[in-house]
Amino acid sequence: MAAAGVAGGYAWERLGHGDGGGATDADGKNSGSSARLHGPHTFERLSAPDRTVVRAGDGGTLATFTDGARTAVLTGPSRTFGEPRTTEAKVTTDAWVRVLPHAWQQGMEKSAWFTTWFRKTLGDSSPDVFAVAFQYSSAGAPDKHNGAGVRYAGTAHFGPRNAAVNNPLDFAYHDEQSDFYDYLGIDWTFPDGTRVQPEKARYGDVDCSGFQRLVWGYRMGIPLHNTNARGNGLPRRAFAIAAYGPGRLVIPDTGAQPTDLDALQPGDLVFFAIIKDRPNFIDHCGMYMGLDDQGRHRFYSSRSAANGPTMGDLSGRSLLDGTDFYARGFRAARRL
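**Focus: the sheet that holds strand β4 (residues 71–82)**
Line of reasoning, step 1. A sheet is described by the order of its strands in space; here five strands give the open sequence β1-β2-β3-β4-β5, paired in antiparallel fashion. Single-partner strands in this sheet number two, and they are β1 (41–46) and β5 (90–99). Across the sheet, the axes of successive neighbouring strands diverge by a mean angle of 30°, strand direction being ignored.
Line of reasoning, step 2. Where strand β3 (residues 61–66) lies against β4, three bridges are found, and the strand directions are antiparallel. For A63, the partnering residue across the bridge sits in β4 and is L74.

Dropping the structure here:
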């Protein structure tokens, strides 16, 4: 899975990120990274969006923390993500997406909790957000069960077959409305006391926003709520996450396809208006991965044509730039 890092691309990477002079060996470990990880580092404030960037002694970027967001991007061993069933494209990245215990604020680097968290997390090789997300790949992922016997990971599908649609490449061929608790097959009680029950026919299924709630909420610990209104946590639908979700918008919705993607960093949620007769309504969301091996901005989302989480190109390429179906529908980005 390991390969050479992607050259340039992300906004955070263009801010001086590099390989630190170390070669990448066959298991993806950077042989020159130890000094960068454990040596002196500095903190720099940048804007648009307001953020704190951690620099190694050689000037390379070790981490980026965005004000108001819990998403952190740290430098780690390079990994390559691919999905040969649906695309020839691959994304090779040394970005490791982690979730902070608190939303970042300027000056937090001086706190005791951060010093401990940063030193531990910078060298952590346990699954990050990307690795967790690919534990549900529709192309095939092994089942994982917790101590209670609940299958919490494994190949996910989008939803039950929609008998009203005949074309398997239509984005409604499989029915949406499957949330994270449907995938898990368990009852769930939200913080406001609302209790929901899974539909048996949707076991193992997650639609686009349900998939993000499964990864960011159930697995990574960001609070969830069960409405599409503003609340403390991640709401249910894509349009509500774009408008009211935690964190901060890094690309606002202007009603048109954004052309400046410099503000994006790996892990950002990206939002799309893809319904033909509702061109201004956000109805799809995904996770930005970075540049693929063709230098294109690629995302990962649960979709009907692939029948589950995909970075592939069935019924529209998973790209934010250009003139393909999803690129034309791309509208906004939020950093949780």
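**Quick look at the environment of N280**
Line of reasoning, step 1. Relative to the helices and strands, N280 is located in the loop between β11 (269–272) and β12 (284–291).
Line of reasoning, step 2. For the pair N280 and R331, spaced 51 residues apart in the sequence, the C-alpha separation amounts to 8.8 Å.
Line of reasoning, step 3. Apart from residues lying up to four places away in sequence, N280 is in contact with G255 and A273.

**Concerning helix α6 (residues 208–219)**
Line of reasoning, step 1. Taking 1.5 Å per residue, twelve residues should reach 16 Å; α6 reaches 16 Å between its end C-alpha atoms and fits that length.
Line of reasoning, step 2. Burial runs high along α6: ten of the twelve residues are buried.
Line of reasoning, step 3. Those residues of α6 that sit buried are C208, S209, G210, F211, Q212, R213, L214, V215, W216 and G217.
Line of reasoning, step 4. G221 sits one or two positions beyond α6 and adopts a positive phi of about 90°.

**Examining helix α3 (residues 112–122)**
Line of reasoning, step 1. Buried within α3 are the following residues: F114, W117, F118, T121 and L122. Burial along α3 is one-sided: seen end-on, the buried residues are contained in an arc of 110°. Turned more than 90 degrees away from the buried face of α3, the exposed residues are A112, T116 and K120.

**Section: the sheet that holds strand β13 (residues 297–303)**
Remark on secondary structure: sheet strands pair via backbone hydrogen bonds, oriented parallel or antiparallel.
Line of reasoning, step 1. Across the sheet, which stays open at both edges, the six strands sit in the order β10-β15-β11-β12-β13-β14 with antiparallel pairing between neighbours. Whereas interior strands pair on both sides, the edge strands pair on one side only; in this sheet they are β10 (248–251) and β14 (308–310). Here the average twist between neighbouring strands, direction ignored, is 30°.
Line of reasoning, step 2. Across three bridges, β13 lies against β14 in antiparallel orientation. Looking across to β14, one finds that S302 is bridged to P309.
Line of reasoning, step 3. Of the strands in this sheet, β11, β12, β13 and β14 are in contact with α6, which crosses β12 at around 60°.

**As for unusual backbone geometry**
Line of reasoning, step 1. Going from A48 to P49, the amide bond is cis rather than trans, its omega being 0°.
Line of reasoning, step 2. With respect to the secondary-structure elements, P49 resides in the loop between β1 and β2 (51–56).
Line of reasoning, step 3. For Q177, which is not a glycine, the phi torsion comes out positive at approximately 85°.
Line of reasoning, step 4. By the secondary structure assignment, Q177 is in the loop between β7 (151–153) and α5 (180–184).
Line of reasoning, step 5. The class of Q177 is exposed, set by a relative accessible area of 54%.
Line of reasoning, step 6. We note that N307 has phi near 55°; this positive angle belongs to a residue other than glycine.
Line of reasoning, step 7. Tracing the backbone through its elements, the reader meets N307 in the loop between β13 and β14.
Line of reasoning, step 8. The exposure class of N307 is buried, given its relative accessible area of 18%.

The rules we used
- The residue numbers shown here count from 1 along each chain, following its written sequence.
- Thresholds applied to this predicted model are a pLDDT of at least 70 for local features of residues and 80 or more for the giving and counting of side-chain atom pairs; totals over whole chains, interfaces and linings are not thresholded and use all residues.
- The side-chain values count all of the structure's non-hydrogen atoms but skip hydrogen atoms and water molecules.
- At least two DSSP bridges between two strands are needed for those strands to be called paired.
- Put simply, DSSP H or I for four residues or longer makes a helix, DSSP E for two residues or longer makes a strand, and each gets a number counted from the N terminus.
- A fitted line through C-alpha atoms represents every axis, and for helices the fit uses only the stretch in contact; the resulting angles, taken between N-to-C directions, go from 0 to 180 degrees.
- We call two residues in contact when some of their heavy atoms are within 4.5 Å.
- The span one expects for a helix is its residue count, reduced by one, times 1.5 Å.
- Relative accessibility thresholds used throughout: buried, under 20% of the residue-type maximum; exposed, over 50%; partly exposed, between the two (1.4 Å probe, protein chains only).
- This arc corresponds to the set of directions leading from the helix axis out to the C-beta atoms.

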